[in-house]
Amino acid sequence: MRGARIEVTGIVQGVGFRPFVYRLAKKTGITGYVKNMGNSVEILAVGGGEEINDFLAGLERDAPPLARIDNVSVQPTDEKDLQAFKIVESSSAGGSGSVLPPDVCICETCLAEINDPSNPRYGYPFTVCVDCGARYTIIETVPYDRVNTSMTDFPMCSECKREYEDPVDRRFHAEPTCCPACGPSYHLYYGSKLVDVINPVEAAVGKLDEGRIVAVMGVGGTHLASALDDTVVQRLRRRFNRPEKPFAIMVRGLEAASKFASLSEIEKRLLTSLRRPIVAVQKKSVAPELVAPGLDNIGIMLPYTALHHLMFNYTDADGFVMTSANLPGEPMFTEAEKVVASGFSDYCLVHNRRILNRVDDSVIRVVGSRPAFIRRSRGYVPEPIQLKKESEEVVLGLGAELNVTACLVKGDQAFLTQYIGDTTKLRTLEFLESAVNRLLKLTGTKSVDRIVIDMHPGYATRALGRRLADRFGTPLSEVQHHYAHASSLMAENRLDEVVCLSLDGAGYGLDGSVWGGEVICVDEGGMTRSASLEPQPMPGGDLAAVYPARMLAGILHSHYSEEELKSVLARHRGDAFRDGELDLVLKQLRSGFNTPFTSSTGRVLDAAAALLGVCSLRTYEGEPAMKLEALAARGTPELDFPIIFSETEGRQILETGVMLRRGVELLESGAGRKDIAASIQNTLAKGLAISAVKCGRQNRVKAIGVSGGVAYNNAIVTEIERHVKSEGFEFYTQTQAPPGDGGISLGQVWHTIKKGR
């Protein structure tokens, strides 16, 4: 073979792949060219047979660290020797299947530059090279060239251009490269007034040290930052109207992180990885209580941009609060003008580089020994999840309602959008639509064969689904919420059969009721709801999810007379009901008015949290169950709780009312609250595991797994895993997509693809 035309797909744009190919060609004696082609890289390699073979071998063996090669297609050609090898102008035509890498943290070489007073980039907060920095957040379209990014607003100076054009320089074709002479810059505002300072970053850090709240604009959005001081944090909470929601903190390094939290080796690896997620870790008593009130863990991240490292250069503090700056339920601010106008902060540190793709910080928690995404966003998006088989159709799933992502499947790749959030808010729904459009654009997707939505008739994502279906002239499909959880588990673990414990707060069931504690069997016969938790009344409907004592009253209502129930609630939750409210709740329970039934695991945990006095009002999603888990972590699960099953229409039912009544009895006998909490969680987990094992045996399915929001509860997942493995079954969780509702979109598309076969 005298020559070859080579197409490479995978993560091969924005990772220094073309400079790498150039250097490899020089090393192996190859002539020709390399160029970006829309969503792939095209190489013309001309040389002798041995040189071509050496070149192809090195292509995969020595690829840059941020690259991921999924496929190399080679076509022989009779091209004559071209005398040289060049990087040529990109084309928007060409193959598909490649994607940009996510944004990654600053590399050690660039970090050394910003700390070196003799370097031109000393103290420069936008310092990057081909191996680090912003990628996804700054791109408008493919191919990944500077003209297609927000860096097109900043023409390179002569020195940056020299580096950019020098094949031996590490900034060779590094599209975000810049320096203080030609790149973006930061500015400090006090209210709406520009503050005239020489070093805005240093001045902003000085304000943080004084106890001021500062909005800090970063690569994918804006943080609200404050000192790690309870008085300042309380002021931030009042101003931000977030009385209880946990805040993340950014610390200067692992040593500082270890002051606030106990870190496992896997947590240390996650914190120091190129992705730099927030990691929820076991907090120590010295951690400021008001950062994560009532919880036993705290979200910690390390600096990931030049800006963050510079902030720590200007302070002796170990860390700062860094929480997303947004209106409740709405997307983060990404425009300097809106940050300044928001009024959340005393000062605003903003820059003038356009953020084209908003990305929140990713959040991970280690459950058992496995990392689980609470939020999959910065550092991981838009990298695809590899599927077991190729799909014949291009399918787009739009998720549910809360913690939403969308998912696009092309071939054997599933592309999840960044974390979107709460689509009950119009701006968040608009964000979802724009993220979908950007994903279609970046993956070169011209048409979609099917759109998939949740079954819930009230979700705003359904309206978006209908609009997109009309736009593409394509069918619209529905997938039940808990079936989607099971399918998401199957997709990333490449399973054909599974018994999935789909455990969460709520999902619209096939029978029109509210599901949430389901044993879903998937085998050759399809999907079956084989078992569930006992359906329990929710007096006031959604109010029972906001006020957990309502759920407690609903669960206990059939186990006591009304006078007894009033007495129980007065003794243990007398402060949970306003004047006359309990009488109204009891009237709703008697009449059934506005009292739907739910099999939700989350609502049972909420009721336990109310009984034990850890949460009377839910101020953020999952709060009661999270605070119950924190209480349980200090106890031992050794108290005697009954596990009782009944049967309804061939479906096994785990009775939860008797568990809560037993909790009341133990509380009144003087048992410790923390031991009751631990025992309730353990009993619930064991009962669900027993149901899953029974289902697996009956249907000859060897794989059992957990998905849904309860999959973040370490104690529950650990007990389920222990039991099913002791019974000889394989156990699965999710590590690539969120097991919570952030993974619903993946399940929607995979369920649709599997059903179509």
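Before reading on, note that the structure itself is shown above.
Since this is a predicted model, take the numbers as computed values, not measurements.

1. A closer look at the overall build of the chain
And step 1. A tally of helices and strands in the chain yields 23 helices and 30 strands.
And step 2. For 757 residues, the compact-globule estimate of 2.2 N^0.38 gives 27 Å, and the chain sits close to it at 27 Å.
And step 3. Viewed in the frame of its principal axes, the chain has a C-alpha envelope of about 90 × 65 × 45 Å.
And step 4. Taking all 757 residues of the chain together, the buried fraction comes to 62%.
And step 5. When the accessible surface of the chain is split by element, carbon and sulfur atoms take 48% of a total near 28400 Å².
And step 6. Averaging the locations of the 85 positively and 93 negatively charged side chains of the chain gives two centres separated by 1 Å.

2. Structural notes on empty space enclosed by the protein
And step 1. Per the counting criterion, the structure on display carries five cavities of 30 Å³ or more.
And step 2. What the largest cavity holds in volume is close to 240 Å³.
And step 3. Lining the largest cavity are 24 residues, and of these Ala134, Val219, Thr305, Ala306 and Arg353 sit closest to its centre.
And step 4. The dominant element in the lining of the largest cavity, judged by the number of residues it contributes, is helix H9 (residues 306–313), at three residues.
And step 5. For the lining of the largest cavity, the residue count by class is 14 nonpolar, five polar and five charged.

3. Some remarks on the nonpolar core
And step 1. In terms of nonpolar packing, the biggest core is built from 70 residues, with Leu660 and Ile720 touching the most fellow members.
And step 2. Looking at which element gives the most residues to this core, the answer is helix H21 (residues 673–699), with 11 residues.
And step 3. Leaving out residues up to four positions away in the same chain, Leu660 has contacts with Leu552, Ile555, Leu556, Val604, Ala607, Ala608 and Leu611.
And step 4. Leu100, Cys178, Leu188 and Met322 belong to the second-largest nonpolar core, a separate cluster that totals 53 residues.

4. Observations regarding the layout of surface pockets
And step 1. In this structure, the second largest pocket encloses a volume near 600 Å³.
And step 2. Around the second largest pocket, the lining comprises 27 residues; the ones closest to its centre are Met332, Thr334, Glu335, Ile355 and Arg358.
And step 3. Among the elements of the structure, helix H10 (336–342) and helix H11 (426–442) are those that each provide at least two residues to the lining of the second largest pocket.
And step 4. Ranked by the residues each element gives to the lining of the second largest pocket, the list is headed by H11, at six residues.
And step 5. Its residues assigned to classes, the lining of the second largest pocket comprises 11 nonpolar, six polar and 10 charged.

5. With respect to the environment of Thr149
And step 1. For Thr149, the position within the fold is in the loop between helix H3 (108–114) and helix H4 (158–165).
And step 2. Here the alpha-carbon distance between Thr149 and Arg354, two residues 205 residues apart in the chain, equals 9.0 Å.
And step 3. Setting aside residues no more than four positions away along its own chain, Thr149 makes contact with Ile138, Ile139, Glu140, Tyr144, Arg354 and Leu356.
And step 4. Within the structure, the side chain of Thr149 is placed 2.9 Å from the backbone oxygen of Arg146, a separation counted as a polar contact.
And step 5. Of note is the side chain of Thr149, whose polar atom sits 3.1 Å from the backbone nitrogen of Met151.

Procedures and definitions
- Residues numbered from 1 in each chain as written.
- Predicted model: local features only at pLDDT ≥ 70, side-chain atom pairs only at ≥ 80, totals over all residues.
- Heavy atoms only, no water.
- Helix = DSSP H or I, 4+ residues; strand = E, 2+ residues; numbered from the N terminus.
- Rg over C-alpha atoms; globule rule 2.2 N^0.38 Å.
- Buried < 20%, exposed > 50% of the residue type's maximum accessible area, 1.4 Å probe, protein only.
- Areas by Shrake-Rupley, 256 points an atom, 1.4 Å probe, with all protein chains shown as cover.
- Lys, Arg positive; Asp, Glu negative; His and termini not counted.
- Charge placed at Lys NZ, Arg CZ, Asp CG, Glu CD.
- 1 Å grid on protein atoms, 1.4 Å probe; cavity = no way out; pocket = protein on both sides within 12 Å on 5 of 7 lines; lining within 4 Å.
- Points joined across faces, edges and corners; volume = space filled by probe spheres on them.
- Nonpolar A, V, L, I, M, F, W, Y, C, P; charged D, E, K, R; others polar.
- Core = buried A, V, L, I, M, F, W, Y, C linked by side-chain atoms within 4.5 Å.
- Contact = heavy atoms within 4.5 Å.
- Polar contact = N/O pair within 3.5 Å; in protein donor to acceptor, adjacent residues only side chain to side chain.

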